[in-house]
Every structure is written in C-alpha cells, then in structure tokens.
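Chains, contacts and geometry: an overview
So the chains spell out like this:
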Amino acid sequence: MEANLESVTRALGRTPEILKTRVEALSEAQLRARVAPDEWTMIEMIAHLRDANELIAWRLDKILKEDNPTFAFAGVNERVAQSDYNALDVKQLLDEFTRDRSAIVERLEHLTPEQWARRAIHQTHGERDVAGQMQIFVEHDAGHLDQLERVIQKLKEIPNE
C-alpha cells in the first residue's frame, strides 16, 4: 500500500511541535537523565531525530536525481553511541531539528505529481514512491515519540530542578 503524500507531509511537519511541547516542562537534569542503561536520554533522542533529517534530505535528493536509487539500512543509531549528544544545548537542537524538518516539509509540498511518483528501493522496506519512502521516516518519528513518552513516564520519578 502506497502512502498518501498529504498525510506523510503533515505527519513529518508535526513532529517538531510535539517534541517542543513534550520537553518544555522538563528540567535540564531530566533532559540529560538516562532512565535505564540501554535507554537514550531525551537530548540524545532529539539529536538522533535531527540527524535523521540529514538522511531524509539526502534520500529525497537521490530519488529526485537518480532513477530507482537503492538505499541500505542507515546506521544512525550508532552515531548516538559514538557522540556526546548529552552535552548539547536542547534549545539549539530543537531549533536545528525544526529548521531542517521545515525545509524538508516545504520541499515536499512543492513537488510535482511526477516527482512524487519517482521510486526508490529500500533494502528493508522494498520499492516505494516518494510518499512511501517518507512514510519510513513518519514511522521512525512515531517510534521515537513513543520512546520519548516512555522515558517521560520514568522521568516523573526524578525531581524537577
């Protein structure tokens, strides 16, 4: 089943505001707290989503410039483990994420029907048109927003400084 271009554009565009709303009530300590050894902090999740914007933009470029490009699974999760994201400023991260995501959404909104119909092959998800490729990132966002909610529930046990 192919994804709907309006729904993926709308979903991708909503994520920045959802993130901002969810983290604005958290303290610096809560934003940087690791609630479990294998769980990312809130700041690491936001940085990861910011990094994913680079991948979305790169894939969109390739789809629009090449015929049927093939994409392998991207190991952006490893980037979190290898970086000191917890030292970053949350406001700057949210600003960068919002700016980059807004640019992607604006670009999607201006694609022609012919551009939306262009296809690419994803190693894991198979062949999809542009909306289908973007649906992968909608699902990615949703997974991390669910993760964020689980962490917030655990953070309620940490005093707000």
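Thresholds, definitions, all that
Residues numbered from 1 in each chain as written. Predicted model: local features only at pLDDT ≥ 70, side-chain atom pairs only at ≥ 80, totals over all residues. Heavy atoms only, no water. Helix = DSSP H or I, 4+ residues; strand = E, 2+ residues; numbered from the N terminus. Rg over C-alpha atoms; globule rule 2.2 N^0.38 Å. Buried < 20%, exposed > 50% of the residue type's maximum accessible area, 1.4 Å probe, protein only. Contact = heavy atoms within 4.5 Å. Areas by Shrake-Rupley, 256 points an atom, 1.4 Å probe, with all protein chains shown as cover. Lys, Arg positive; Asp, Glu negative; His and termini not counted. Charge placed at Lys NZ, Arg CZ, Asp CG, Glu CD. Polar contact = N/O pair within 3.5 Å; in protein donor to acceptor, adjacent residues only side chain to side chain. Pairing = 2+ DSSP bridges. Expected span 1.5 Å × (residues − 1). pLDDT = per-residue confidence, 0-100. Core = buried A, V, L, I, M, F, W, Y, C linked by side-chain atoms within 4.5 Å.

Turning our attention to the overall build of the protein. Each helix and strand counted, the protein has seven helices and three strands in total. When the elements of the protein are put in sequence order from the N terminus, they spell out α-α-α-β-α-α-α-β-β-α. Whereas a compact globule of 161 residues would reach a radius of gyration of roughly 15 Å, the protein reaches 17 Å, a difference of no more than 12%. Expressed along its principal axes, the backbone C-alpha trace of the protein runs to roughly 55 × 25 × 25 Å. Burial status across the protein gives 46% buried among its 161 residues. Nonlocal contacts in the protein, meaning residues at least 24 apart in sequence, comprise 77% of its contacts between residues at least 6 apart. Carbon and sulfur atoms make up 50% of the accessible area of the protein, which amounts to about 8600 Å² in all. The distance from the centre of the 21 positive side-chain charges to the centre of the 30 negative ones in the protein is 1 Å.

This brings us to the environment of Arg 22. Inspection of the secondary structure puts Arg 22 in helix α1 (residues 5-23). C-alpha of Arg 22 to C-alpha of His 140: the two residues are 118 residues apart in sequence and 17 Å apart in space. Beyond its immediate stretch of four places on either side in the chain, Arg 22 contacts Leu 148, Glu 149 and Ile 152. Polar contacts involving the side chain of Arg 22 include one to the side chain of Glu 149, which spans 2.6 Å.

Read across the open sheet, the three strands follow the order β1-β2-β3; overall the sheet is mixed. Edge positions in the sheet fall to β1 (70-71) and β3 (126-129), since each has one partner strand and no second. Pairing of β1 with strand β2 (residues 119-122), which is carried by two bridges, proceeds in the parallel orientation. Following the sheet pairing, Thr 70 is matched in β2 by Ile 121.

So, about the side chain of His 144. Within the secondary structure, His 144 sits in helix α7 (residues 130-155). A polar atom in the side chain of His 144 sits 3.1 Å from the side chain of His 48. In terms of polar contacts, His 144 uses its side chain to reach the side chain of Gln 147, at 2.7 Å. The contacts of His 144, once residues within four sequence positions are left out, are Trp 40, Met 45, His 48 and Leu 49.

Let us look at the pairing of β3. Where β2 meets β3, four bridges bridge the pair, whose relative direction is antiparallel. Bridging from a neighbouring strand, Ala 120 pairs with Arg 128 of β3. Linking β2 back to β3 in an antiparallel pair, the connection comprises three residues.

Here we come to helix α3 (residues 42-65). Residue pairs spaced three or four apart in an α-helix point in one direction, given the helix's 3.6 residues per turn. In this model, α3 (24 residues) spans 35 Å end to end at C-alpha, consistent with the 34 Å of a helix rising 1.5 Å per residue. Of all 24 residues that make up α3, 18 are buried, and the element is covered over most of its length.

Right, let's talk about the confidence of the model for the protein for a bit. Per-residue confidence for the protein gives a mean pLDDT of 89; residues scoring 70 or more make up 90%. The secondary structure element of the protein with the lowest average pLDDT is helix α4 (residues 76-82), at 65, and the one with the highest is helix α5 (residues 90-109), at 96.

Looking now at the nonpolar core. Residues Leu 19, Val 23, Leu 26, Leu 31, Met 42 and Ile 46 are the most contacted members of the largest nonpolar core, which totals 22 residues. Broken down by secondary-structure element, the contributors of at least two residues to this core are α1, α3, α5 and α7. No other element matches the six residues that α3 contributes to this core. Apart from residues lying up to four places away in sequence, Val 23 is in contact with Leu 31, Met 42, Ile 46 and Leu 94. Counting 20 residues, the second largest nonpolar core, distinct from the first, contains Leu 60, Leu 108, Ala 120 and Val 138.

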